[in-house]
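Letter by letter, the chains look like this.
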Amino acid sequence: MSGHVFHPGHDDLHGITVVLETATGKTVIGRWHERVEKGVVLHDAALHEPGSQQTRDDFVTRSLKFGVKPEHRTLVVTDELVSVRKLADL
Amino acid sequence: MAYPDLMTRPMREEVTRLGIQELKTPAEVDAVIGAGEGTMLVFVNSVCGCAAGGARPALSLALQSQVKPAKSVSVFAGVDTEATQRARSFFSDYQPSSPSMAILKDGEVVHFVHRHQIEGKHPQQIAAELVAAFEKHCG
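All of these numbers come straight from a predicted model, not from anything done at the bench.

1. Some points on the sheet that holds strand 3 (residues 71–76) of chain B
All names here are of chain B. Within the open sheet, the five strands sit side by side as 1-3-2-4-5. Their pairing is mixed. This sheet does not close on itself; its edge strands, each paired only once, are strand 1 (21–22) and strand 5 (108–113). In the sheet, strand 4 (residues 100–105) pairs with strand 5 via five bridges, with the strands oriented antiparallel. The residue bridging Lys105 from the neighbouring strand is Glu108, located in strand 5. Sheet strands touched by helix 3 (residues 49–62): strand 2 (39–45) and strand 4. Its angle to strand 2, the strand with the most contacts, is close to 155°. Those strands touched by helix 5 (residues 123–137) are strand 2, strand 4 and strand 5, and its axis lies near 10° from that of strand 4.

2. Let's talk about the environment of Ser60 of chain B
Residue placement: Ser60 of chain B occurs in helix 3. Each C-alpha atom of the pair Ser60 of chain B and Met40 of chain B lies 16 Å from the other, and the pair is 20 residues apart in sequence.

3. Some points on the nonpolar core
Residues and elements named next belong to chain B. In terms of nonpolar packing, the biggest core is built from 21 residues, with Leu41, Leu59, Met101, Ile118, Leu130 and Phe134 touching the most fellow members. Counting residues per element, this core draws most heavily on helix 5, which supplies six residues. Apart from the residues within four sequence positions on either side, Ile118 is in contact with Ala51, Ala55, Pro99, Ser100, Met101, Val113 and Ile126. Among the nonpolar cores identified, the runner-up in size contains 18 residues, and Leu23, Ala77, Ala83 and Ala102 belong to it.

4. Topic: the side chain of Glu22 of chain B
All names here are of chain B. Mapped onto the elements, Glu22 comes out in strand 1. Here Arg12 takes part through its side chain, which lies 2.6 Å from a polar atom of the side chain of Glu22. Those residues in contact with Glu22, other than ones at most four positions away along the chain, are Arg12, Thr16, Glu28, Ser74, Phe76 and Asp80.

Definitions and limits used
Residues numbered from 1 in each chain as written. Chains lettered and ligands numbered in written order. Predicted model: local features only at pLDDT ≥ 70, side-chain atom pairs only at ≥ 80, totals over all residues. Heavy atoms only, no water. Pairing = 2+ DSSP bridges. Helix = DSSP H or I, 4+ residues; strand = E, 2+ residues; numbered from the N terminus. Contact = heavy atoms within 4.5 Å. Axes fitted to C-alpha atoms, helices over the stretch in contact; angles between N-to-C directions. Core = buried A, V, L, I, M, F, W, Y, C linked by side-chain atoms within 4.5 Å. Buried < 20%, exposed > 50% of the residue type's maximum accessible area, 1.4 Å probe, protein only. Polar contact = N/O pair within 3.5 Å; in protein donor to acceptor, adjacent residues only side chain to side chain.

Here it is as structure tokens:
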């Protein structure tokens, strides 16, 4: 099953919960749906912005332990990405 | 969005044939999970093929273990929504995701498997991690 893409036509990350870091300092965690011209479409995503009261590390650690808070049913990340990692790999 | 019974029935049956009791109403959830005694696995089933397609076979493998929860139940996210919502109230510290699994001991969550811990893994790997949790908490 590893690497198996259930839905034809989607890329390898489809359905996988990812951590995106953007060039603008945002960290976004959500379930990768697809890459489109404007950016990356995530479902059930949570967003951490620079300057937030919660640290970025705490945001990621809590998401790992307690799950991803689905703040955005669908979110299109349009910023330039500096890293894409699977949450489970952190 | 309501999923047709024709689509979801095989997914239900893949779980119930393992001896897992499906809870379809909040009342059933309260009666079983609310009783809160001993060890119990709560499986949040899902129509998502990406993750649930690995989770259900993993359950089948893990429940062959000598050490396992005294009782196993399931609710079906996106299908039996009220029952799922009520079940999640018993592990409300954890964000909702499906598929997911909670191991309860005397009503307290002692282990939780999020969707992100299931995605992309072989059923054997998911099962091995579940069995390790069974041995830790249900022995």
